[in-house]
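Notes for the structure review
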Amino acid sequence: RPPGTGAALWRQLGRVCCQLCPDTEPTIQDADLQLKRLVLVGMRAAGKSTLGRVAATRLGVQFVDLDEVLEQEVFGCKINAFVDKHGWAKFREAEARLLEDVVVRGLFISDPRSGCVVATGGGVIETPSALSVLKAHTPVIWIDRHIDDIIRCLEGVGSYRPGLGTPPREIYAKRRPLYEQCSDFVFTMRCGDDNWLFLEKRFADLAAWADRSAAGCRGLEAANPVCVPIVAASLQAALDDVAEAAIEGAGLVELRVDKLTGGVEAVLEALPKLLRKTHSLGLPAVVTFRPTWEDPNAGYIGDETPRLQALRRAAELGAAFIDVERAAVQRWAGIGGLPKGSKARLIISSHNFTEVLDLSSLRALVAEMRGSDAKIAGAGPESVVKIAQMAQSSADAARMLTVLREQAGQPTVALAMGEAGVFTRILAPHFGAIFSFGCLSGRASAPGQPDAIEMLEVYRLGAMSGHTKVFALLGDPVAGSGLPKLLNAGFAADAWNAVFVGMLVRGCSVEEFLEALPSGLIAGAAVLASHSEAALKAAAEHDASSARRARADALLPKSGGGYVARGLEDGLVGEVAEASAYYELFKGSPVPSIVRDAMMLAAAAQGRA
């Protein structure tokens, strides 16, 4: 159901009932107040109470657990004692009445005008009257924990909950369609996922999205800057990939509808289902219908007008962003541009699969896209300029970060494609890029996209900002090194706002690469053996260890410009010891035990020592 439709109908019915029966208990009618009651449904042991408290804290509202209210305010005893004495039917009646009292009448809430998060019992949806209340209300979030984990949890629960009388797997199969019917949003947890810190962050983000969405806020923001492209050929596979992106913690998704088989007709049929799915998961959607004349790997070959009309339809259906190629803005304007009343933002994009332009040409391109192109397209100040170009060398790729720095404060995506440009995708948020692309495993939409889960869990893009210190690993190759995972694990354990990024040095010298990077970017660099001699030559100064070995193990920025070459101590064995030495060098202090432990865990996870 479209979010808000049921709630609006319910509120209207409430007004009519109050007019007909003025002596009945008053119901809070204000739309904003109704929308502030965020209701959670899901199986027993799904995590409704745990996650609900997190959401309430994030939203700054009261948390109401219906089971606790039943025990403390209604029954005066534990639920299992009440069920033993009166049976499940009486319990369900009381539960349904309480749900209506809280959600519709605002009872048992300390301050109804401040809103609340309400955790319901797992079986509340089996009572028809309760299900009707939930269907009429918005927002409702279904916490869909994997049934195998629920069963494992219930096996160790003890006797404080009454027995279900039926195997949990059968109960889940029965209730699943009811949860689907009454929920506006769904929070899915994969089997075995016990990283509750990550789950709580994800859920708090979804709760905030649901709260803003239900209140009709314009320009719903992504929870983090990692955009996952959805490149599946079939609708069902695309829906599955959207769900997987949400589980992995994506901030938004790009629906590459040109990859769907069936042409424009298939796209028009798929768009409503895809956008309902992204909305229910709290994911803003970029809709891209890329033609082969812009990207040789794109999926669309055909007339322009139907393609652009499909993009307008996506804007009408609630897409957050619509991607229109720079070369198509004239045609886009000719068919009307963004529909009137649409909340979508326009992305004007340009792709070059051959080279990265020189810096002056890049600046001119950005100026034209943000100026004349945006004016033709009828785009407002919130429109986004996106430039993606193929890097033939690492110095080429570095220019994209300079573009981002110069566009600070204006919505921009600028990245270098290919292996040499991977670091630009990781560091884009450091320079204020509105988002960056990371793929589901093996499902990249362009060369050089890292895995989204790596961007989030290893490089912590969700927490990256312009204040994040950037440390680099210089060499060729860098992909096989375990140092980024170890050092970033150490940074996280130490709560240090820093990131360690592999920067491939290929097609240019170390000196050329460092000069091409934005000034002051590198707070320190580890250097692999492949480039240690070249790094020594590029350094303005060197210590005794690097001079004796005739190589630089590390580079540290020098006051006034340039770098100082440093050497590590002899006899380091294993990546944990090496990472610890770099950590101490970068931080300027001994490695805390919590950091060393985190590095050892990261090494063990990779099968390294």
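Refer to the preceding data block for the structure.
What counts as what
Residues numbered from 1 in each chain as written. Predicted model: local features only at pLDDT ≥ 70, side-chain atom pairs only at ≥ 80, totals over all residues. Heavy atoms only, no water. Phe/Tyr/Trp six-rings, centres within 6.5 Å; stacked < 30°, edge-to-face > 60°. Helix = DSSP H or I, 4+ residues; strand = E, 2+ residues; numbered from the N terminus. Buried < 20%, exposed > 50% of the residue type's maximum accessible area, 1.4 Å probe, protein only. Contact = heavy atoms within 4.5 Å. Pairing = 2+ DSSP bridges. Axes fitted to C-alpha atoms, helices over the stretch in contact; angles between N-to-C directions. Core = buried A, V, L, I, M, F, W, Y, C linked by side-chain atoms within 4.5 Å. Nonpolar A, V, L, I, M, F, W, Y, C, P; charged D, E, K, R; others polar. Right-handed = clockwise from strand over helix to strand, strands pointing away.

The geometry of two aromatic rings is summed up by the distance between their centres and the angle between their planes. In the structure shown here, the tally under the stated rule is 17 aromatic pairs. With a centroid separation of 5.5 Å and an interplanar angle of 40 degrees, the aromatic rings of Phe491 and Tyr583 are classed as tilted. Of the two residues, Phe491 is situated in helix α19 (residues 483-493) and Tyr583 in helix α23 (residues 575-587); the sequence distance between them amounts to 92 residues. Take Tyr583: its relative accessible area is 1%, and that puts it in the buried class. Between Tyr582 and Phe586 the ring centres are 5.9 Å apart and the planes differ by 25 degrees, which places this aromatic pair in the stacked class. Placement of both Tyr582 and Phe586 in helix α23 is noted, with a separation of 4 residues, approximately one turn of the helix. Per residue, the accessibility class of Tyr582 equals that of Phe586, and both read buried. An aromatic cluster of three or more residues is present, and its members are Phe471, Phe491, Trp496, Phe500, Tyr582, Tyr583 and Phe586.

A few words on helix α8 (residues 147-155). Inspection of α8 places Ile147, Asp149, Ile150, Ile151 and Leu154 among the buried residues, and these make up the whole buried set. In this structure, the buried residues of α8 make contact with α9 (168-182).

On to unusual backbone geometry, then. Backbone torsion omega between Thr138 and Pro139 reads 5 degrees, so that peptide bond is classified as cis. Mapped onto the elements of the fold, Pro139 is located in the loop between α7 (128-136) and β4 (140-144). Along the chain, Asp476 connects to Pro477 via a cis peptide bond; the corresponding omega equals 0 degrees. Inspection of the secondary structure assignment puts Pro477 in the loop between β14 (469-475) and α19. The residue Ala45 is not glycine, and still its phi comes out positive at about 70 degrees. Relative to the assigned elements, Ala45 resides in the loop between β1 (37-41) and α3 (48-59). Owing to a relative accessible area of 11%, Ala45 belongs among the buried residues under this scheme. Phi is positive for Phe108, which is not a glycine, with a value near 65 degrees. Inspection of the secondary structure puts Phe108 in the loop between α6 (88-103) and β3 (116-119).

Quick look at the environment of Val499 now. Along the chain, the position of Val499 falls in strand β15 (residues 498-504). With 28 residues separating them in the primary sequence, Val499 and Phe471 have C-alpha atoms 6.0 Å apart. Beyond its immediate stretch of four places on either side in the chain, Val499 contacts Leu427, Tyr459, Met464, Thr468, Lys469, Val470, Phe471, Asn488 and Phe491.

Once that is clear, we can look at the sheet that holds β14. By definition, the strands of a sheet pair up through backbone hydrogen bonds, in either a parallel or an antiparallel sense. Spatial ordering of the open sheet is given by β15-β14-β16-β18-β19-β17, a layout of 6 strands whose pairing is mixed. Looking along the sheet, the strands with just one partner apiece sit at the ends: β15 and β17 (541-542). Relative to strand β18 (residues 554-557), strand β16 (residues 522-527) is paired through 2 bridges, and the arrangement is antiparallel. Within the sheet, the bridge partner assigned to Ala526 lies in β18 and is Ala554. Across the sheet, α23 touches β14, β15, β16, β18 and β19 (563-566), and the angle it forms with β16 is around 155 degrees.

Soluble globular proteins tend to bury their nonpolar side chains together. Core analysis: the biggest nonpolar cluster contains 160 residues, and Leu255, Val287, Ile322, Phe423, Met503, Leu517 and Leu555 have the highest contact counts within it. Val478, Leu483, Tyr583 and Ala602 belong to the second largest nonpolar core, which has 28 residues in total.

Quick look at the sheet that holds β3 now. In spatial order, the strands read β2-β3-β1-β4-β5; together these 5 strands make up an open sheet with parallel pairing. Each edge of the open sheet carries a strand with a single partner, namely β2 (62-65) and β5 (185-188). Each strand of the sheet is rotated relative to its neighbour by a mean of 20 degrees, with strand direction disregarded. In the sheet, β4 pairs with β5 via 4 bridges, with the strands oriented parallel.

With that settled, consider the packing of α7 against α9. Running from N to C, α7 and α9 cross one another at 40 degrees; their axes reach a closest spacing of 8 Å. Note on element contacts: α9 touches α7 through Leu178, Gln181 and Cys182, opposite Leu131, Leu134 and Lys135. Of the residues contributing to the contact of α7 with α9, the split by class is 4 nonpolar, 1 polar and 1 charged.

Counting buried residues along strand β9 (residues 321-325), 5 of its 5 residues qualify, which places the element largely inside the surrounding structure. Judged by which residues are buried, β9 turns out to be covered on both faces: Phe321, Asp323 and Glu325 on one side and Ile322 and Val324 on the other are all buried. Here strand β8 (residues 285-288) pairs with β9 via 3 bridges, running parallel. Within β9, the residue paired with Val287 across the bridge is Ile322. Assessed by its sense of winding, the connection that carries the chain from β8 through helix α13 (residues 304-316) to β9 is right-handed. Inspection of the sheet shows β9 paired to strand β10 (residues 345-352) by 5 bridges, in the parallel sense. Pairing of Val324 across the sheet is with Ile348, part of β10. Handedness of the crossover is the feature at issue here: the chain leaves β9, passes through helix α14 (residues 329-334), returns alongside β10, and the resulting connection is right-handed.

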